[in-house]
Amino acid sequence: MKIGVLGVQGDIREHVETLRSMGVDVEIVKKSEQLDEIDGLIIPGGESTTISKLMKFAGLWDVLKDMVSKGFPVFGTCAGMIVLSKRVTNNPSQETLGVIDIDVERNAYGRQVNSFEVDLEIKGVDVPIRGVFIRAPRIVRMGSEVEVLAVHNGTPVFVRQGKIMVASFHPELSGSSHVHRIFLETMR
Ligand code: GLN
């Protein structure tokens, strides 16, 4: 099994290192041909508008959208959550892949200086996981098919629909691999 980390912009290295520490084979994905070589993809945090633009430029946008709608496993963290969501509520509006039935508000937890860390209780994990929130998106609507895996202050921050998983926070910065392990289980 090989996992791809979308390598166009954002905190790519931290995801790669977390996966390698788990003994997982990793490929940094920059071209659409590489999607054939992997069993699932992580879209890291960064800047969602930039990531989307570069994905289109690399010819990854339509191919990935098609693959994910047919069941290809994908995990989006922070900006990656925005890219996978159905709709972004901010102005100006931005195009998304629209593969998971959630609407998000970008930067809803404040600016860079308001970044925070909090211990999260995650479904299926028996230890608290440090959630790092950096200009994070907030889920403002969720369809009935979406399963909640963690909540912060009454708002879902980690959810899954089929083989699509998204987190508002940065599990690759938490110093643990529990959340990545859940993605591996979701892929099976
Ligand atoms: N604020 C970024 C965006 O809107 C996401 C921030 C992050 O990924 N840490 O795209």
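Now for a look at the structure at hand. (Residues numbered from 1 in each chain as written. Predicted model: local features only at pLDDT ≥ 70, side-chain atom pairs only at ≥ 80, totals over all residues. Heavy atoms only, no water.)

A short note on the overall build of the protein chain
Turning to step 1, where the next piece is worked out: The number of helices and strands found in the protein chain is five helices and twelve strands.
Turning to step 2, where the next piece is worked out: Against the globule reference of 16 Å for 188 residues, the protein chain gives a C-alpha radius of gyration of 15 Å, in line with a compact fold.
Turning to step 3, where the next piece is worked out: Each principal axis of the C-alpha distribution contributes one length, and for the protein chain these read about 40 × 40 × 35 Å.
Turning to step 4, where the next piece is worked out: Of the contacts formed within the protein chain by residues at least 6 apart in sequence, a portion of 63% connects residues at least 24 apart.
Turning to step 5, where the next piece is worked out: Per element, the accessible surface of the protein chain, about 8,500 Å² overall, is 46% carbon and sulfur.
Turning to step 6, where the next piece is worked out: Taking the average place of the 22 positive charges on the side chains of the protein chain and the average place of its 24 negative ones, the gap between the two points comes to 4 Å. (Helix = DSSP H or I, 4+ residues; strand = E, 2+ residues; numbered from the N terminus. Rg over C-alpha atoms; globule rule 2.2 N^0.38 Å. Contact = heavy atoms within 4.5 Å. Areas by Shrake-Rupley, 256 points an atom, 1.4 Å probe, with all protein chains shown as cover. Lys, Arg positive; Asp, Glu negative; His and termini not counted. Charge placed at Lys NZ, Arg CZ, Asp CG, Glu CD.)

Comments concerning helix H2 (residues 48-57)
Turning to step 1, where the next piece is worked out: Listed as buried for H2 are Ser48, Ile51, Ser52 and Met55. Along the axis of H2, the buried positions cluster into a sector of 100°, meaning they face one direction only. Pointing more than 90 degrees away from the buried face of H2 are the exposed residues Lys53 and Phe57.
Turning to step 2, where the next piece is worked out: The inward-facing, buried residues of H2 contact strand S1 (2-6), strand S3 (40-43), helix H3 (61-69) and helix H4 (79-84). (Buried < 20%, exposed > 50% of the residue type's maximum accessible area, 1.4 Å probe, protein only. Arc of directions from axis to C-beta.)

A closer look at the pattern of salt bridges
Turning to step 1, where the next piece is worked out: The tally for this structure, following the rule as stated, stands at 14 salt bridges.
Turning to step 2, where the next piece is worked out: Glutamate 47 serves as the salt-bridge partner of arginine 135, at 3.3 Å between the closest nitrogen and oxygen. Linking arginine 135 in the loop between strand S8 (129-133) and strand S9 (138-142) with glutamate 47 in the loop between S3 and H2, this pair joins segments that are 88 residues apart in sequence.
Turning to step 3, where the next piece is worked out: Judged by its relative accessible area of 21%, glutamate 47 is partly exposed.
Turning to step 4, where the next piece is worked out: Members of the salt-bridge network, linked through shared partners, are Arg87, Asp101, Asp103 and Arg141. (Salt bridge = Lys/Arg side-chain N within 4 Å of Asp/Glu carboxyl O.)

Focus on the site of the ligand
Turning to step 1, where the next piece is worked out: Lining the immediate surroundings of the ligand are Gly45, Gly46, Glu47, Ser48, Cys78, Ala79, Ile82, Arg106, Asn107, Ile134, Arg135 and His170.
Turning to step 2, where the next piece is worked out: Between the ligand and asparagine 107, the relevant distance is 2.5 Å, taken from a nitrogen atom to a side-chain nitrogen or oxygen of the residue.
Turning to step 3, where the next piece is worked out: Between the ligand and the protein, one listed contact pairs a nitrogen atom with a backbone N or O atom of arginine 135 at 3.0 Å.
Turning to step 4, where the next piece is worked out: Burial of the ligand by the surrounding chains reaches 96%, relative to a free accessible area of 300 Å².
Turning to step 5, where the next piece is worked out: Considering only residue class, the shell around the ligand consists of four nonpolar, five polar and three charged. (Near = heavy atom within 4 Å. Polar contact = N/O pair within 3.5 Å; in protein donor to acceptor, adjacent residues only side chain to side chain. Nonpolar A, V, L, I, M, F, W, Y, C, P; charged D, E, K, R; others polar.)

Considerations on the packing of aromatic side chains
Turning to step 1, where the next piece is worked out: The full count for this structure, using the stated rule, is seven aromatic pairs.
Turning to step 2, where the next piece is worked out: Both rings, one in phenylalanine 75 and one in phenylalanine 183, keep their centres 5.6 Å apart while their planes meet at 40°; by these two values the pair is tilted. In this pair, phenylalanine 75 sits in strand S4 (residues 74-77) while phenylalanine 183 sits in helix H5 (residues 178-187), placing the two residues 108 residues apart along the sequence. One exposure class covers both phenylalanine 75 and phenylalanine 183, and it is buried.
Turning to step 3, where the next piece is worked out: What links up through ring pairs into an aromatic cluster is the set Phe75, Tyr109, Phe116, Phe133, Phe158, Phe169 and Phe183.
Turning to step 4, where the next piece is worked out: In this arrangement the basic side chain of arginine 138 is found over the ring face of tyrosine 109, its NZ or CZ atom lying 4.5 Å from the centre. (Phe/Tyr/Trp six-rings, centres within 6.5 Å; stacked < 30°, edge-to-face > 60°. Lys NZ or Arg CZ within 6 Å of the ring centre and 35° of its normal.)

A look at the sheet that holds strand S6 (residues 100-105)
Turning to step 1, where the next piece is worked out: Strand order in this open sheet of three strands is S5-S6-S9, and the pairing throughout is mixed. One side of each edge strand has no neighbouring strand; the edge strands of this open sheet are strand S5 (85-88) and S9. Each strand axis lies, on average, 35° off the axis of its neighbour in the sheet, ignoring direction. (Pairing = 2+ DSSP bridges. Axes fitted to C-alpha atoms, helices over the stretch in contact; angles between N-to-C directions.)

Things to note about the nonpolar core
Turning to step 1, where the next piece is worked out: Membership of the largest hydrophobic core comes to 31 residues, with the highest contact counts inside it found for Leu41, Ile43, Met55, Leu64, Leu84 and Ile102.
Turning to step 2, where the next piece is worked out: Broken down by element, this core gets its largest block of residues, five residues, from H4.
Turning to step 3, where the next piece is worked out: The residues contacting isoleucine 43, other than those within four sequence positions of it, are Leu6, Ile51, Leu64, Val74, Phe75, Gly76, Thr77, Gly80, Val83 and Leu84.
Turning to step 4, where the next piece is worked out: Within the second largest apolar cluster, 30 residues are counted, among which are Ile12, Val157, Ala167 and Phe183. (Core = buried A, V, L, I, M, F, W, Y, C linked by side-chain atoms within 4.5 Å.)

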